[in-house]
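This is what each chain is made of:
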Amino acid sequence: MIQKIKGTYDVYGSLSLKHLYIKSLFQNVCENFNYSYIETPLIERSELFHRGVGETSDIVTKETYDFVDRGGRNNTIRPEGTAGIARAVIENKMYTTLPLKLFYMGSMFRYERPQKGRYRELRQLGIELYGSSDEMADAETINLATTFLKELGLKDVVVKINSIGGVETRKKYREDLIKYFSKNIDNYCEDCKERLNKNPLRILDCKIDADKEEVKNAPSILDYLNAEEKESFEKIKKYLDDLDIKYEVDNRLVRGLDYYTNLVYEFTTPYKDIGSIGGGGRYDNLLSSLDGPEVPAVGFAFGFDRIVDVLNELELEIPKTDEIDVYVLNIDQKEYAFNLVNTLRENGYRVDMNITSKNMKAQFKEADRYKAKYLIIIGEEEVKEEIYTVRDNLTKEEIKVSKDDLIDYLDINL
Ligand code: HAM
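Residues numbered from 1 in each chain as written. Predicted model: local features only at pLDDT ≥ 70, side-chain atom pairs only at ≥ 80, totals over all residues. Heavy atoms only, no water.

1. What to know about the site of the ligand
Part 1: Near the ligand you find 27 residues, and of these Glu-80, Glu-112, Glu-128, Tyr-260 and Ser-276 are the closest.
Part 2: Between an oxygen atom of the ligand and a side-chain N or O atom of Gln-124, the distance comes to 3.1 Å.
Part 3: In the environment of the ligand, a nitrogen atom lies 2.6 Å from a nitrogen or oxygen atom belonging to the side chain of Tyr-260.
Part 4: Coverage of the ligand by the protein amounts to 96% of the 660 Å² it exposes when considered alone.
Part 5: Residue assignment for the shell around the ligand shows that the elements contributing at least two residues are strand S6 (121-130), strand S10 (278-282) and strand S11 (297-303).
Part 6: Class assignment of the residues belonging to the shell around the ligand gives a composition of eleven nonpolar, nine polar and seven charged. (Near = heavy atom within 4 Å. Polar contact = N/O pair within 3.5 Å; in protein donor to acceptor, adjacent residues only side chain to side chain. Areas by Shrake-Rupley, 256 points an atom, 1.4 Å probe, with all protein chains shown as cover. Helix = DSSP H or I, 4+ residues; strand = E, 2+ residues; numbered from the N terminus. Nonpolar A, V, L, I, M, F, W, Y, C, P; charged D, E, K, R; others polar.)

Here it is in structure tokens:
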């Protein structure tokens, strides 16, 4: 038997209801904030991620699914959505009309060690807002995210924010961190040893070393921000306060992708083993680093699968069911029933009948399996009189309804 690839899973049954529900809720919230849907290819040139996400990020150095195609070109199955959208914004000159507010949903692929909350095919729900360097744009993205989480019923989410400043600020901070960590780098994990000269900021949120006193006492990026960067961070905090959004400033939050400048943020839950359920920030230099114009941008992505994991932990019910409205049973009147089912479907009802068996027992069983709210039984008499017996499948009450009144009856009762 061929089995699924490690770190992937099939979506069916009650899980598929959750997936559809979460996606449609995310779409509603995004449209409410006036974001438009964008879809970019699953595969892109590898160079895009090297230049976009960054040569020093774990994602690009260790986690991408790369392949050489039959034409000898290096391609990568996307590990995240931001770089592909940036490519699309440049290639389609979407930046000529700004601001540009986009949302997306889809699978990303990262070759990580699979465990709870960590998949190799991971789904993301994300937004990207191009064309505004105003702090209100930063706040808007966090507002959209927390609105969605609230509507989903996730209450214990903590919004962590930090500012990692601009390029100059980070350069100075980087140098100081290298000096600071060099002294005892032998005591750190192999990854951190490698990070020291490439990307020392990542030592701060290393899963192995972050609890060390020395890491906790490391210099804080917030002390390195220049006056403008400080003021900008203060403004964002004020907007979040005005919106009544609770957040924690975490000066150790650095994020794993190289394109960020100034604001970075993450959404965490009390479920430690699930990890952060989303993250994002500002990335004003990404477009220009991909040969596009200078356009400021900010956005985030939720880890869809992790949100589903949290919903399961909380045993939260979603308001979407697979119950059907009407199940039509028939006694030797299959064709008549088939037409009636079709009429009801045309009127927008979720309706079904058994098309494989004549047996009444099998039909009743199927009606129960589909959790039908109403049953309509069609026999010889019903066909002749055009009056149906409609049974409320919960109360078992029955009522006679004529063919002409059936839709009105269902409209009122369903
Ligand atoms: P990221 O932090 O790499 O950011 O991923 C966003 C979210 O995807 C994470 O917070 C996490 O919930 C989820 N995620 C990441 N890896 C996995 C995995 N292996 N299994 C399950 N879930 C995972 C980005 O991807 C940026 N593109 C976000 C962004 C958009 N920044 C600006 N705009």
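Continuing now.
2. Quick word on the pattern of salt bridges
Part 1: One pass over the structure, following the stated rule, counts 32 salt bridges.
Part 2: A salt bridge links Asp-273 to Lys-116; the shortest N-O distance between them is 3.4 Å. Of this pair, Asp-273 sits in the loop between strand S9 (263-268) and S10 while Lys-116 is found in the loop between strand S5 (100-109) and S6, placing the two residues 157 residues apart along the sequence.
Part 3: Its salt-bridge partner being Asp-205, residue Arg-202 comes within 3.2 Å of it at the nearest N-O pair. (Salt bridge = Lys/Arg side-chain N within 4 Å of Asp/Glu carboxyl O.)

3. Regarding the packing of helix H1 (residues 13-32) against helix H11 (residues 304-314)
Part 1: Running from amino to carboxyl end, H1 crosses H11 at an angle of 120 degrees, the nearest separation of the two axes being 11 Å. The chirality of how H1 crosses H11 is right-handed. Along the contact surface, H1 presents Leu-15, Lys-18, His-19, Ile-22 and Lys-23, while H11 presents Phe-304, Ile-307, Val-308, Leu-311 and Asn-312.
Part 2: Residue classes in the contact of H1 with H11 are distributed as six nonpolar, two polar and two charged. (Axes fitted to C-alpha atoms, helices over the stretch in contact; angles between N-to-C directions. Left-handed = near helix turned anticlockwise from the far one by under 90°. Contact = heavy atoms within 4.5 Å.)

4. Thoughts on the packing of aromatic side chains
Part 1: Going through the model one piece at a time under the given rule, you end up with 22 aromatic pairs.
Part 2: Here Phe-26 and Phe-302 contribute two aromatic rings whose centre-to-centre distance is 6.4 Å and whose plane-to-plane angle is 75 degrees, an arrangement assigned as edge-to-face. With Phe-26 in helix H1 and Phe-302 in strand S11, this pair connects stretches of sequence that are 276 residues apart.
Part 3: Residue Phe-26 is classed as buried on the basis of its relative accessible area, which comes to 0%.
Part 4: Using a relative accessible area of 0% as the deciding quantity, one classes Phe-302 as buried.
Part 5: For the pair Tyr-327 and Tyr-370, a centre-to-centre distance of 6.3 Å together with 50 degrees between the ring planes defines the contact as tilted. Taken together, the positions of Tyr-327 in strand S12 (residues 326-330) and Tyr-370 in the loop between helix H13 (360-369) and strand S14 (374-378) put the pair 43 residues apart, joining distant regions of the chain. (Phe/Tyr/Trp six-rings, centres within 6.5 Å; stacked < 30°, edge-to-face > 60°. Buried < 20%, exposed > 50% of the residue type's maximum accessible area, 1.4 Å probe, protein only.)

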